[in-house]
Amino acid sequence: MSAWSPYTWKEKPIVQDVVYEDPEHVQRVLGKLQKLPPLVSAKEIDDLRDQLEQVALGNSFLLQGGDCAELFDYCSQDPIEAKLKVLLQMSLVLVWGGRTPVTRIARMAGQYAKPRSKPTEMHNGEEILSYRGDNVNGYDPADRKPDPERLLGAYFHSAATLNYVRTLLDSGFADLHEPSTWNLSHVQSSAVRSEYEAIVHQLTDALDFMKTVGADKSTATSQNALQKVDLFVSHEALLLDYEASLTRLVEEKGKHYNLGSHFLWIGDRTRQPDGAHVEYMRGIANPVGIKVGPTTDPANLVQLLNTVNPEKAVGKVTLITRFGAGKVEQFLPQHIVAVRDAGHKPVWVCDPMHGNTKTAVGGIKTRHFVDIIQELSEAFRVHKDNDSKLNGVHFELTGDSVTECVGGSMNLTDADLSTNYQTHCDPRLNYEQALDVAFLIAKYYQKERRSEGFPSL
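Residues numbered from 1 in each chain as written. Predicted model: local features only at pLDDT ≥ 70, side-chain atom pairs only at ≥ 80, totals over all residues. Heavy atoms only, no water.

Remarks on the confidence of the model for the protein chain
Detail in the predicted coordinates should be disregarded across regions flagged by low pLDDT. Across the protein chain, pLDDT averages 92, with 92% of residues at or above 70. Within the model, pLDDT remains below 50 along residues 218–223, and this stretch shows 3 contacts once partners closer than five positions in the same chain are excluded. (pLDDT = per-residue confidence, 0-100. Contact = heavy atoms within 4.5 Å.)

In structure tokens form, the structure reads like this:
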């Protein structure tokens, strides 16, 4: 394979690129980014690599979730706390139901770019540039000119977000000794709330027992796993100039790391085997994800894996499948077989969001909770039928009480969408719907432990 550097991707064809009016301005911004300090450490990235190896081996479970496209405005106390809370609560439910450790990766602190099917769109009868995410241009139709200064904005908003996340986690925000203090005021459904409170009660009893026998005590040299958790951040590697600027050679390890995020993925529109995005991703030591959909040819998928993971390291690559409800059985088996026959051991993850987007009355994009659960259930079953295992889930979600997806225990309908529809991108699960999913997966694992047959979500 040819030599690699953080910039060899420039020799390859590229899609979803951004064209700026002033190239010299862009170079000044990139020069500044290259001098700014890393946002994450190589050790944290290696720790995630180790955890994902265990996920791929079936010894733990991956929960990845967050916004479709972050806004700079989300870099604020309440949105960060809400998103962190729902991810921690979901993982708590999954640990309880699955009796397995959970690796948590947030779509956060960098998920500012948005791929588009077309570079322009119509607005009030006028053709304007499409909104590409806050690190490219503004959502306001008058602010669609790509601005390179927004790349610096992405860096500093990511830094501030990460700083506050770390502060929360270091301050006991995730202390499992106090699960009942996590505010459930958003949970309107008494059934969901009572189920969660039952889990909290069982956990509290178990933690009280551990405290009684001294099994929960931390020492001066070790952090107590009951008081603190790992949380990693991720985003789609879309703007390669930005990613390359944050890619550094870590001398003591002899490897290049993208130190702007722990985990990056290639989207459905940018996974061309001979393309720039794949070329960039093949050289970094970070764990990487690849979106896999109905248009993914099994042979091309193997070629992608061989390119980004020639050593076939277990868990280095996460395959994020997104087929759509009713289509999993048609496509997933051939992908499982091709990957297995090629000798790769990836993390298999189901993204039941992106293949299930629909248009409601009035042209509003939405997703139906029943479709999300159907695709997830089909993924569990197809993996099991093909001697494989679903290792994790990937959701677009928020910790706020938005009304963007239909269904769930709140029984939201199309008529409810306008109540609090906030997304500038794709519809997200709200706080309660996200907990609904976690409870259903936990119940699945409960049934699996108690029965030889295939349980249903």
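What about the state of the cysteines?
Taken as a whole and assessed by the stated rule, the structure comprises 1 disulfide. A sulfur-sulfur separation of 2.2 Å characterises the disulfide bridge that pairs Cys68 with Cys425. A residue pair is termed long-range when its members are at least 10 positions apart, and Cys68 in the loop between strand S1 (61–66) and helix H3 (77–98) and Cys425 in the loop between strand S15 (405–406) and helix H11 (431–450) qualify at 357 residues. Just as Cys68 is buried, Cys425 falls in that class too. (Disulfide = S-S within 2.5 Å. Helix = DSSP H or I, 4+ residues; strand = E, 2+ residues; numbered from the N terminus. Buried < 20%, exposed > 50% of the residue type's maximum accessible area, 1.4 Å probe, protein only.)

Remarks on the sheet that holds strand S12 (residues 357–359)
If you walk across this open sheet you meet the 3 strands as S12-S13-S15, and the pairing is mixed. Here the strands that pair on one side only, and so sit at the sheet edges, are S12 and S15. With 3 bridges joining them, S12 and strand S13 (residues 365–368) adopt antiparallel strand pairing. The partner of Lys358 across the bridge, within S13, is Thr366. Strands in contact with helix H10 (residues 369–385) are S12, S13 and S15; relative to S13, the strand with the most contacts, it is inclined by about 55°. (Pairing = 2+ DSSP bridges. Axes fitted to C-alpha atoms, helices over the stretch in contact; angles between N-to-C directions.)

Section: the nonpolar core
In globular proteins that are soluble, nonpolar side chains generally tend to be buried together. Ranked by size, the top nonpolar core spans 79 residues in total, and within it Leu33, Met90, Leu376, Phe395, Leu429 and Ile441 carry the most contacts. Once residues within four sequence positions are removed from consideration, Leu429 is found in contact with Met353, Phe369, Ile372, Phe395, Glu396, Leu397, Thr398, Cys405, Ala434 and Val437. Membership of the second largest hydrophobic core comes to 29 residues, among which are Val278, Met281, Leu319 and Phe331. (Core = buried A, V, L, I, M, F, W, Y, C linked by side-chain atoms within 4.5 Å.)

Some remarks on the sheet that holds strand S14 (residues 392–396)
Around the barrel, 8 strands lie side by side as S1-S2-S5-S8-S9-S10-S11-S14; this closed barrel has parallel pairing. Going across the sheet, the axis of each strand differs from the next one's by a mean of 25°, ignoring polarity. Strand direction decides the pairing type here: strand S2 (residues 102–107) and strand S5 (residues 232–236), joined by 3 bridges, are parallel. Looking across to S5, one finds that Ala106 is bridged to Val233.

Re the pairing of strand S10 (residues 317–321)
Burial runs high along S10: 5 of the 5 residues are buried. Here S10 shows a buried face lined by Val317, Leu319 and Thr321 and a second buried face lined by Thr318 and Ile320. When strand S9 (residues 288–292) meets S10, the two strands line up parallel, connected through 5 bridges. Note that in S10 the partner of Ile290 across the bridge is Leu319.

Description of the pairing of strand S7 (residues 255–258)
Here 4 bridges tie strand S6 (residues 247–250) to S7, and the two strands are oriented antiparallel to one another. Residue pairing across strands places Arg248 opposite Tyr257, the latter belonging to S7. From the end of S6 to the start of S7, which pair antiparallel, there are 4 residues, and Gly254 there has a positive phi angle of about 70°.

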